Amino acid sequence: MLNASRSRPLAVAVLASRRAPGAAQLVAEGQRRGWRVVAGLTSHPGSELMESLGGLPVVVHDIAAFYAERGARTSDRAVRREYDRVTLELLAPYAPDVLVLCGYLYLVTDVLLDAFPGRVINVHDSDLLRVDS
């Protein structure tokens, strides 16, 4: 997925929570197709993302601890915006072009979406087929 107007492959950051379905495949496909995963960020310590990215940098941005430090519930959208601002700061050194959410369990706010307009992809590993009984 190398754009002809780009001089380098797309830099991809992967965001995950506990699980990281498809993250290892994303790394492998990138090597074959011309993008590269530059880093990962997980909202949970002990995430399988660390293993899935095979030695690439993974930043732990513990969402439970972040909310606990502020005495807030994870449903507090104002704190979520603050969390997303810090997420952007933590990802900045890796200069990602695209964010891929692989098993990322939390809604992202306009803070993150505005920083990557049209460049946030949510990978959903569930079967979303409708089955009529």
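Let me begin by describing the structure that accompanies this report. Going along each chain's sequence as written, the residues are numbered from 1 onward. Residues qualify for local features only when their pLDDT is at least 70, as the model is predicted, and side-chain atom pairs are given and counted only at 80 or more; totals for whole chains, interfaces and linings, by contrast, use all residues. No hydrogens and no water enter the side-chain calculation; it runs on all heavy atoms of the structure.

1. Let's talk about the overall build of the protein chain
Here is step 1 of the chain: For helices the rule is a DSSP run of H or I covering at least 4 residues; for strands it is a run of E covering at least 2, with both sets numbered from the N terminus onward. For the protein chain, the count of helices and strands is 5 helices and 5 strands.
Here is step 2 of the chain: Each helix and strand of the protein chain, placed in order from N terminus to C terminus, yields the pattern β-α-β-α-β-α-α-β-α-β.
Here is step 3 of the chain: For the protein chain, buried positions account for 39% of its 133 residues.
Here is step 4 of the chain: Contacts between residues were defined by any pair of non-hydrogen atoms, one from each residue, lying within 4.5 Å. Of the contacts formed within the protein chain by residues at least 6 apart in sequence, a portion of 60% connects residues at least 24 apart. Classification of residues uses two cut-offs on accessible area relative to the type maximum, computed with a 1.4 Å probe and protein chains only: under 20% is buried, over 50% is exposed, and between them is partly exposed.

2. Focus on the side chain of T42
Here is step 1 of the chain: With respect to the secondary-structure elements, T42 resides in strand β2 (residues 36-42).
Here is step 2 of the chain: Within polar-contact distance, the side chain of T42 engages the backbone oxygen of A16 at 3.2 Å.
Here is step 3 of the chain: With sequence-adjacent residues up to four places away left out, T42 is seen in contact with A16, S17, S47, L49, M50, V58, V59, V60, H61 and D62. Here a polar contact is recorded for every N or O atom pair within 3.5 Å, except that within protein the pair must consist of a potential hydrogen donor and a potential acceptor, and residues adjacent in sequence are included only if both atoms are side-chain atoms.

3. Some thoughts on the side chain of S17
Here is step 1 of the chain: Along the chain, S17 turns up in the loop between β1 (11-16) and α1 (23-33).
Here is step 2 of the chain: Of the polar contacts made by the side chain of S17, one reaches the side chain of S43; its length is 3.0 Å.
Here is step 3 of the chain: Discounting residues that sit within four places of it in the chain, S17 has contacts with T42, S43, H44, S47, C102, G103, Y104, L105 and Y106.

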